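Take a look at the letters that make up each chain.
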Amino acid sequence: HSSPEAMVRQQTLLMLLGTPTVALMMASCDHDDLCLKGVQLGIALLEGGNREVQEAIHSALTNPAMEERMRAYDGGHETFVTQMRRRLRTATREISERKTFLDVQDEMRSVFADVYVGVSPATLVALEREIEKDFPQHSHVIEVLELLRLTCEGHFNKMQDFLHQQTSTLSNVDLVSEVYDFLARLEPELDHTNIAQMQQCVDTLVEFVQGNASQTV
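Okay, so let's go over this structure. Given the structure is predicted, the values throughout are model-derived calculations rather than measurements. (Residues numbered from 1 in each chain as written. Predicted model: local features only at pLDDT ≥ 70, side-chain atom pairs only at ≥ 80, totals over all residues. Heavy atoms only, no water.)

**Quick look at the overall build of the chain**
- Regarding its fold elements, the chain presents ten helices and zero strands.
- In sequence order, the chain lays out its α and β elements as α-α-α-α-α-α-α-α-α-α.
- Principal-axis analysis of the C-alpha atoms places the extent of the chain at approximately 65 × 35 × 35 Å.
- Relative to its 217 residues, the chain shows a buried fraction of 41%.
- Per element, the accessible surface of the chain, about 12000 Å² overall, is 55% carbon and sulfur.
- Computed over 18 positive and 33 negative side-chain charges, the separation of the two mean positions in the chain equals 4 Å. (Helix = DSSP H or I, 4+ residues; strand = E, 2+ residues; numbered from the N terminus. Buried < 20%, exposed > 50% of the residue type's maximum accessible area, 1.4 Å probe, protein only. Areas by Shrake-Rupley, 256 points an atom, 1.4 Å probe, with all protein chains shown as cover. Lys, Arg positive; Asp, Glu negative; His and termini not counted. Charge placed at Lys NZ, Arg CZ, Asp CG, Glu CD.)

Here it is, written out as structure tokens:
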């Protein structure tokens, strides 16, 4: 693991090479894997609350001169903020889908030994591997929430305000409200399978509002 000083130097070098813009363009993609990789890249650049990277991301998202360059790599029509809204709303739909998936998975485990009597060992291994697959999520909500949190970490008022209201665009996307709405939908369904999502929601919302001097959030 790099020291904090080495990490900041690496982040700053990547920032000077234009990597924050790359991360935003990837995170704007409809393609799940591209979006996730962009979100993860953004997290790596912002880890520790790097203010220079935060400023670079804010500039890329608000500078009209950057608008043409800030298109999703996969040719999709979403912007960064609309893609983040899409992922959060997908996460809301996945609350019940995850529970159904896990219930079926538990049922399959309980009858596995009885149902597949006489099956070859190789087939049993393949079937067990299929049963134990993770829930096929598309929201990547924990990573999305962490990226949004890091863009505001350290009371970075400009990003706090931007995620609440984009004054330079005709249509506004209030990501603060979107995260709160997800939390409100998640709370009644809280159990051991989604407690990490709940904690990440709370952490992100705290960073959205903490130390906001403009009082717009």
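Now that the structure has been shown, we can carry on.
**Examining helix α8 (residues 157-164)**
- Taken as a whole, α8 has its buried residues at Asn 157, Met 159, Gln 160, Phe 162 and Leu 163.
- Its buried side turned inward, α8 meets α4 (51-62), α5 (80-115), α7 (141-152), α9 (175-186) and α10 (195-209). (Contact = heavy atoms within 4.5 Å.)

**Focus on the state of the cysteines**
- Under the counting rule described, the total for this entry stands at zero disulfides.
- Its sulfur unpaired, Cys 29 is 7.2 Å from the next cysteine sulfur, which belongs to Cys 35.
- No disulfide involves Cys 152; its sulfur sits 14 Å from that of Cys 201, the nearest cysteine.
- Here Cys 152 falls in the buried class, since its relative accessible area comes to 0%. (Disulfide = S-S within 2.5 Å.)

**Observations concerning the pattern of salt bridges**
- Using the criterion set out here, one finds eleven salt bridges in the structure.
- The salt bridge involving Arg 87 is made with Asp 32; its shortest N-O contact spans 2.7 Å. Pair noted here: Arg 87 is in helix α5 and Asp 32 is in helix α3 (residues 32-46), with a separation of 55 residues, a long-range link.
- The exposure class of Arg 87 is buried, given its relative accessible area of 2%.
- The salt bridge partner of Glu 207 is Arg 149, with a shortest N-O separation of 3.7 Å. With a gap of 58 residues between them, Glu 207 in helix α10 and Arg 149 in helix α7 connect regions that are remote in the sequence.
- Salt bridges here are not isolated pairs; linked through shared partners, they connect Glu 146, Arg 149, Glu 153 and Glu 207. (Salt bridge = Lys/Arg side-chain N within 4 Å of Asp/Glu carboxyl O.)

**Some details on the layout of surface pockets**
- Here the largest pocket is characterised by a volume of approximately 610 Å³.
- Forming the boundary of the largest pocket are 23 residues, of which Leu 61, Glu 67, Met 70, Thr 79 and Thr 169 lie nearest the centre.
- Here the lining of the largest pocket is built from residues that sort into ten nonpolar, ten polar and three charged.
- Volume-wise, the second largest pocket comes out at about 260 Å³.
- The wall of the second largest pocket is formed by 17 residues, among which Arg 98, Gln 137, Ile 142, Thr 193 and Gln 197 lie closest to the centre.
- Elements that contribute at least two residues to the lining of the second largest pocket include exactly α5, α7 and α10. (1 Å grid on protein atoms, 1.4 Å probe; cavity = no way out; pocket = protein on both sides within 12 Å on 5 of 7 lines; lining within 4 Å. Points joined across faces, edges and corners; volume = space filled by probe spheres on them. Nonpolar A, V, L, I, M, F, W, Y, C, P; charged D, E, K, R; others polar.)

**A closer look at the environment of Asp 103**
- Mapped onto the fold, Asp 103 is located in helix α5.
- Residues Asp 103 and Gln 166 lie 63 residues apart in sequence; the distance between their C-alpha atoms is 41 Å.

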